[in-house]
Every structure is written in structure tokens, then in C-alpha cells.
Amino acid sequence: MSNAAIELIDLKKTLGKKEIIKGLSFSIDRGEVFGFIGPNGAGKTTTIRMMVGLMQITDGDVHILGNSIKTDYKEAISEVGAIVENPEMYPFMSGWQNLMHFSRMIPGVTKERIHEVIRLVGLEKAINEKVKKYSLGMRQRLGIAQALLHKPSVLILDEPTNGLDPAGIREIRKYIRALASEENVAVIISSHLLSEIELMCDRIGLIKNGELVATQDVNAATDQDSASPVQMEVTPIEHAIKILKSNHDIDATSENGTITIQSERDTIPSIIKTLINNDVLVYQVSITKSTLEDKFFDLIGENTIE
């Protein structure tokens with residue numbers, strides 16, 4: 001893919017005789033937030049380590065802006081920023097001093113760029129405070145700022161919301177979405193917090209036993225075009241069930257004053273109209289949305305996520 005920021009090409013990893021990663025192939029575009037999910041032990045971290053050159057690739061390759069991690073490592077890795085779990089900072093130094101310190105290791109980082117990344121992650125007010133006073137969420141944001149100093153094309157975040165409270169998670173999600181669009185960075189997030197992935201990402205890749213089970217748009221993963229459970233609070237219930245069977249050939253179940261049917265979204269208005277025309281009172285209608293978690297377990301087929 002010519003516009004891909006990062007591309008995995010039949011990536012494999014073998015340890016001894018055991019094949020850990022079994023030919024992963026996918027690409028991620030600039031400006032896209034890609035969720036990399038799977039059960040513990042599925043191969044997420046191994047894949048990420050190969051993507052950034054921390055683990056030797058057995059077979060296949062990773063291209064970053066067209067440069068191979070195997071043959072053009074320096075050029076390829078210069079386009080990558082990465083954080084694995086909690087970023088390590090100097091607690092006795094301020095956020096600004098930490099960023100200045102790291103900027104000295106990277107050629108071409110200006111003070112203007114440091115101010116830019118501070119604004120991007122929303123740390124303007126706290127940047128001159130010592131890092132030991134920072135909350136975990138603020139440290140994560142400072143870590144992201146550090147990873148962005150050299151204007152990478154690819155940002156890899158392994159469990160970026162690990163250990164954060166709900167406010168911190170929401171904070172990080174907001175900044176990840178903003179930097180993907182403002183900096184045009186391809187963001188790869190490895191996580192097992194499925195509800196967060198659903199809110200944060202454009203696309204997901206599911207990995208199981210070292211194989212890519214599926215890649216799809218998050219919106220498609222929770223698409224409502226297919227038949228979904230629809231709950232209706234109606235009176236009288238028995239009459240409503242008979243009407244649905246005779247007019248729409250729908251089998252309804254009843255529980256606690258509500259009936260549940262399987263229906264596509266487009267057919268719900270005509271179902272409600274039929275019930276009303278046949279003297280059924282309809283008080284409430286709700287569609288049970290299929291979540292990414294439901295989709296995950298459909299695809300993985302086992303309860304192996306924490």
C-alpha cells in the first residue's frame with residue numbers, strides 16, 4: 001500500500017520449533033488509530049517488539065514509510081515513537097526538563113516543537129511541575145509527548161490506559177484521537193480494554209494464537225444493519241405476540257412486561273405501526289447494540305481475556 005505508514009508483510013516468529021507469530025499481514029494508514037487486540041498470550045507484544053526491532057524477525061518484514069525494519073533499520077525506526085506500558089521519567093525533574101533532556105538525544109528538535117507537543121497532550125499548566133507530583137494520566141501524556149518529539153509517522157502504544165482511572169482513560173483517549181488527526185500519525189494501540197478500543201479506534205485487528213483472525217472498521221464491528229434484539233414494552237403482551245406472528249412471521253418472547261424480537265433496524269417502524277393498528281399500546285422500544293466485546297468473543301470463540 002503506497003499510503004500506508006506501516007505495513008506488516010507475512011510476519012513470522014519461531015522460537016525453537018514453535019511458531020509464535022504465523023504470517024501476519026496488515027497495513028495502517030497515517031491519521032488512523034488501529035486497535036490491536038487479542039487474548040493474553042496471543043502474540044500482541046511479540047508482534048510489537050518485532051515491529052520496532054526489539055526482537056528479531058524470523059520471516060517476513062515490516063515496512064515503515066516503505067523502509068524495511070530488517071534492511072533499513074535506522075531510516076525505518078526514525079519514523080516510530082513508542083511507549084510500552086508506563087513511560088519512565090525522571091521524577092525529580094519537571095515535565096519541561098524531561099522533554100528537554102530527551103530532545104538532546106534527537107537531532108533537529110526545536111523548543112517550538114517541544115511547546116507544540118506539550119499543547120498537543122494538554123500539559124501546558126503542569127509542564128513546570130516536578131514529574132513526581134504528576135498523576136498517572138499526566139505521566140502517560142508526558143510519555144506520549146516525548147514519543148512525539150521527533151514527529152514520527154507511527155506511534156505505538158502498548159496498553160496506554162493501564163492503571164488509569166476512568167477520568168485518566170478518557171483524557172488519554174481524547175489526546176490520542178486529536179494527535180492522529182492533527183499530526184497525521186498512524187497510532188497503533190495494543191490493549192485488552194475492549195470498550196476503550198471501541199471508543200478510540202477507527203479499525204481493529206484481532207489476533208489469536210499468533211494469527212490474525214480479522215481486521216475491520218470499528219463501526220462495522222458494531223453495525224446495526226444486521227438483525228439485532230429489539231425489546232418492546234407493550235400491552236397486552238399475548239395479543240402483541242400473536243399479531244407479530246400472524247403479520248410479520250416474527251417469534252417474540254416475553255419477560256417482565258416486555259417482548260423481545262430479532263429485527264433489522266429498517267423494519268422496526270412497520271412493526272410498531274402494525275401493533276398500534278391492532279390496538280396494542282407501545283410504551284418503549286430499544287435496540288440492543290452489539291458491542292465490540294460481543295464481536296470479540298464471536299471471533300475468538302473462548303473466554304480468554306482479562
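See the structure above.
Below, the structure is looked at part by part. (Residues numbered from 1 in each chain as written. Predicted model: local features only at pLDDT ≥ 70, side-chain atom pairs only at ≥ 80, totals over all residues. Heavy atoms only, no water.)

**Looking at the overall build of the protein**
Just so we agree on the cut-off: Each helix is a run of DSSP H or I of at least 4 residues and each strand a run of E of at least 2, with the numbering of both proceeding from the N terminus. Buried residues are those whose accessible area, probed at 1.4 Å on protein chains only, stays under 20% of the maximum for their type, while exposed residues exceed 50% and partly exposed ones sit between those limits. Contacts were defined at the residue level, with two residues in contact if any of their heavy atoms lie within 4.5 Å. Method for areas: the Shrake-Rupley scheme with a 1.4 Å probe, in which residue coverage is limited to the protein chains shown.
In terms of helices and strands, the protein carries eleven helices and 14 strands. Here the protein holds 306 residues, and 46% of them are scored as buried. Sequence separation of at least 24 residues holds for 68% of the intrachain contacts in the protein that already meet a minimum separation of 6. When the accessible surface of the protein is split by element, carbon and sulfur atoms take 47% of a total near 15500 Å².

**Focus on the packing of aromatic side chains**
Counted only if it meets this: Aromatic rings from Phe, Tyr and Trp, taking only the six-membered ring of Trp, are treated as a pair when their centres fall within 6.5 Å; an angle between ring planes under 30 degrees marks them as stacked, one over 60 as edge-to-face, and anything in between as tilted.
Taken as a whole and judged by the stated rule, the model has four aromatic pairs. On the numbers, 5.9 Å between centres and 55° between planes, the contact of Y90 with F92 is tilted. According to the relative accessible area criterion, F92 is exposed, its value standing at 53%. An aromatic cluster is present here, built from F26, F34 and F36 joined pairwise through their rings.

**Regarding the environment of L11**
Its place among the elements puts L11 in strand β1 (residues 4-15). In this structure, the C-alpha to C-alpha distance between L11 and M51, residues 40 residues apart in sequence, is 9.3 Å. The residues touching L11, leaving out its near neighbours within four places in the chain, are I21, K22, G23, L24, T47, M50, I57, D59, G60, D61 and V62.

**Section: the nonpolar core**
Stated precisely, the cut-off is as follows: Each nonpolar core is a collection of buried residues, namely Ala, Val, Leu, Ile, Met, Phe, Trp, Tyr and Cys, held together in the definition by side-chain atoms within 4.5 Å.
L99, I144, L155, I176, V187 and I189 are the most contacted members of the largest nonpolar core, which totals 45 residues. Broken down by element, the residue count for this core peaks at six residues, all from helix α5 (residues 136-148). Contact partners of I189, with chain neighbours within four places excluded, come to V33, F34, G35, F36, L157, P160, I176, I197, M200 and C201. Formed by 26 residues, the second largest nonpolar core is a distinct cluster that contains A5, I21, V80 and A186.

**Things to note about the pattern of salt bridges**
The following threshold applies: In what follows, salt bridge is the name for a side-chain nitrogen of Lys or Arg lying within 4 Å of a carboxyl oxygen of Asp or Glu.
Enumeration according to the criterion identifies nine salt bridges in this entry. Two residues, D10 and K12, come together in a salt bridge whose shortest N-O distance is 3.8 Å. For D10, a relative accessible area of 35% translates into the label partly exposed. When the shortest N-O distance is used, the salt bridge between K245 and D251 registers 3.0 Å. The exposed category is assigned to D251, whose relative accessible area is 58%. A single network of salt bridges, built from pairs that share partners, joins R113, E116 and E183.

**A word on unusual backbone geometry**
A cis amide bond links T235 to the next residue, P236, at an omega of -10°. Tracing the sequence through the fold places P236 in the loop between β11 (228-235) and α9 (237-248). Here the phi dihedral of K151 falls at roughly 55°; this positive angle occurs in a residue that is not glycine. Phi angles above zero are rare outside glycine, and N209 is one such case at about 50°. Mapped onto the secondary structure, N209 falls in the loop between β9 (203-208) and β10 (211-217).

**Things to note about the sheet that holds strand β12 (residues 253-255)**
Note on sheets: strands pair through backbone hydrogen bonds, and any given pair is parallel or antiparallel. For clarity, the cut-off: A pair of strands is labelled paired if DSSP reports no fewer than 2 bridges between them. Axes, fitted as lines to C-alpha atoms, cover a helix only where it is in contact. Angles between the N-to-C directions of the axes lie from 0 to 180 degrees.
If you trace the four strands from one edge of the open sheet to the other, you get β12-β13-β11-β14, paired in antiparallel fashion. Either end of the sheet is taken by a strand with one partner, and the two such strands are β12 and β14 (281-287). Between one strand and the next, the sheet's axes are offset by a mean angle of 30°, whatever the strand orientation. As judged from the three bridges shared by β12 and strand β13 (residues 258-263), these two strands associate in the antiparallel manner. Bridge pairing in β13 places S254 opposite I259. Docked against the sheet, α9 engages β11, β12 and β13, running at close to 15° with respect to β13.

**Here we look at the sheet that holds strand β5 (residues 67-68)**
Sheet architecture is open: four strands sit in the order β2-β1-β4-β5, paired in antiparallel fashion. One side of each edge strand has no neighbouring strand; the edge strands of this open sheet are β2 (18-29) and β5. As defined by bridge partners, strand β4 (residues 59-64) adjoins β5 across two bridges and the pair is classed as antiparallel. Each bridged residue has a counterpart across the sheet, and for H63 the counterpart in β5 is S68. Here helix α1 (residues 44-51) sits on the sheet in contact with β1, β2 and β4, set at roughly 115° to β1.

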